[in-house]
Amino acid sequence: DQQVKQNSPSLSVQEGRISILNCDYTNSMFDYFLWYKKYPAEGPTFLISISSIKDKNEDGRFTVFLNKSAKHLSLHIVPSQPGDSAVYFCAARHSGTYKYIFGTGTRLKVLA
Amino acid sequence: DTGVSQDPRHKITKRGQNVTFRCDPISEHNRLYWYRQTLGQGPEFLTYFQNEAQLEKSRLLSDRFSAERPKGSFSTLEIQRTEQGDSAMYLCASSLVGREGTEAFFGQGTRLTVV
């Protein structure tokens, strides 16, 4: 039972354009949503998060949008840079257990 | 460096051998997690600790797997009688529960190869 889903395994974007990564979830008990970035042979690095009581959080070039009614969140990166090329994981924290559930990731490639 | 530290970074072992991994969390963090990641998948939850208490174990964690966190500080994950299917990246993360907006910070992982 995949509670956090990233349906796009890969995405290619031109440098300078916007990258939009999507994530869907099924469990209403999630209270925080996070995005992690991962390079090969390294652990995931925290990027940005959003509380379930908000609909938008912005940090520099990164913005996360949350649509609770649709159980959907997205990460916008603008402008995209070649250094953003990595695998991005969406994660959700369960409010009762504080356990983090991850999606399967989206590989972003930013073309110079 | 005050991040999460994992040791070793890489481990190659023969099938049937036992292996042990260590994780040192961020010092003030009270929650410690173990995850496993295989190619093309996201990190899969294995177990977690609140201080020294192990609160949950995933059904992915067979009887061959055991984790400890003595004194609520570092943690070890032991795999007995390793199988080829155990080959994966084992990730440790820590967080501070009780503070709003907290995120889990991950270590660099231990890459296990069972031959």
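Just so it is clear, the structure is predicted and the values come from calculations on it, not from any experiment.

What follows concerns the state of the cysteines. All names here are of chain A. Inspection of the entire model under this criterion finds 2 disulfides over all chains. Between Cys 23 and Cys 90 runs a disulfide, and the two sulfur atoms are separated by 2.0 Å. Measuring handedness by torsion sign, the sulfur bridge of Cys 23 and Cys 90 sits at about -70 degrees and is left-handed. Of this pair, Cys 23 sits in strand E3 (residues 19–25) while Cys 90 is found in strand E9 (residues 86–94), placing the two residues 67 residues apart along the sequence. Of the two residues examined, Cys 23 and Cys 90, each falls in the buried class.

Each aromatic ring pair is characterised by the separation of its centres together with the angle its planes make. Applying the stated rule across the entire model yields 15 aromatic pairs over all chains. Measuring from ring centre to ring centre gives 5.5 Å for Tyr36(A) and Phe106(B), while their planes differ by 90 degrees; the resulting arrangement is edge-to-face. Here the residue Tyr36(A) occupies a position in strand E4 (residues 30–38), and Phe106(B) occupies one in strand E10 (residues 105–106), the pair thus bridging two chains. Across the pair, exposure class does not vary: Tyr36(A) and Phe106(B) are buried alike. In this structure an aromatic cluster arises from ring pairing among Tyr36(A), Phe46(A), Tyr100(A), Phe102(A), Tyr33(B), Tyr35(B), Phe45(B), Tyr48(B) and Phe106(B). The ring of Phe45(B) is capped by Lys99(A), whose NZ or CZ atom sits 4.6 Å from the centre of that ring. The ring of Phe74(B) carries Arg22(B) above its face, with NZ or CZ at 3.9 Å from the centroid.

What follows covers the nonpolar core. Of all hydrophobic cores here, the largest spans 24 residues; its most connected members are Phe33(A), Trp35(A), Leu73(A), Leu75(A) and Tyr88(A). Looking at this core, the elements with two or more residues in it are E3, E4, strand E5 (45–51), strand E7 (62–67), strand E8 (72–77), E9 and strand E11 (106–111) of chain A. Among the elements that make up this core, the one with the highest residue count is E9(A) (4 residues). Leave out the neighbours within four places in its chain, and Leu75(A) touches Ser19(A), Ile20(A), Leu21(A), Trp35(A), Leu47(A), Ile48(A), Phe62(A), Thr63(A) and Tyr88(A). Core analysis: the second largest hydrophobic core is formed by 19 residues, Phe49(B), Ala88(B), Tyr90(B) and Val114(B) among them.

So, how was this worked out
- Here the residue numbers are simple positions, counted from 1 along each chain's written sequence.
- The lettering of chains begins at A and the numbering of ligands begins at 1, in the order of writing.
- Where local features are concerned, this predicted model is filtered to residues with pLDDT of at least 70; where side-chain atom pairs are given and counted, the filter is 80 or more; whole-chain, interface and lining totals use all residues.
- Each side-chain value is derived from all of the structure's non-hydrogen atoms; neither hydrogens nor water enter the calculation.
- Any pair of cysteine sulfurs within 2.5 Å is marked as a disulfide.
- Elements are defined by DSSP. Helices are runs of H or I of four residues or more, strands are runs of E of two residues or more, and each kind is numbered from the N terminus.
- Relative accessibility decides the category of a residue: with a 1.4 Å probe and only protein chains considered, values under 20% of the type maximum give buried, values over 50% give exposed, and everything between is partly exposed.
- Paired rings are identified among Phe, Tyr and Trp, the last through its six-membered ring, by centres lying within 6.5 Å, and are further divided according to the angle between planes into stacked (under 30 degrees), edge-to-face (over 60) and tilted (the rest).
- Criterion for a charge above a ring: Lys NZ or Arg CZ within 6 Å of the ring centre, and within 35 degrees of the ring normal.
- In plain words, nonpolar cores are sets of buried Ala, Val, Leu, Ile, Met, Phe, Trp, Tyr and Cys residues tied together by side-chain atoms within 4.5 Å.
- Whether two residues touch is decided by their heavy atoms; if any such pair falls within 4.5 Å, the residues are in contact.

Nothing here speaks to function; it is all geometry.
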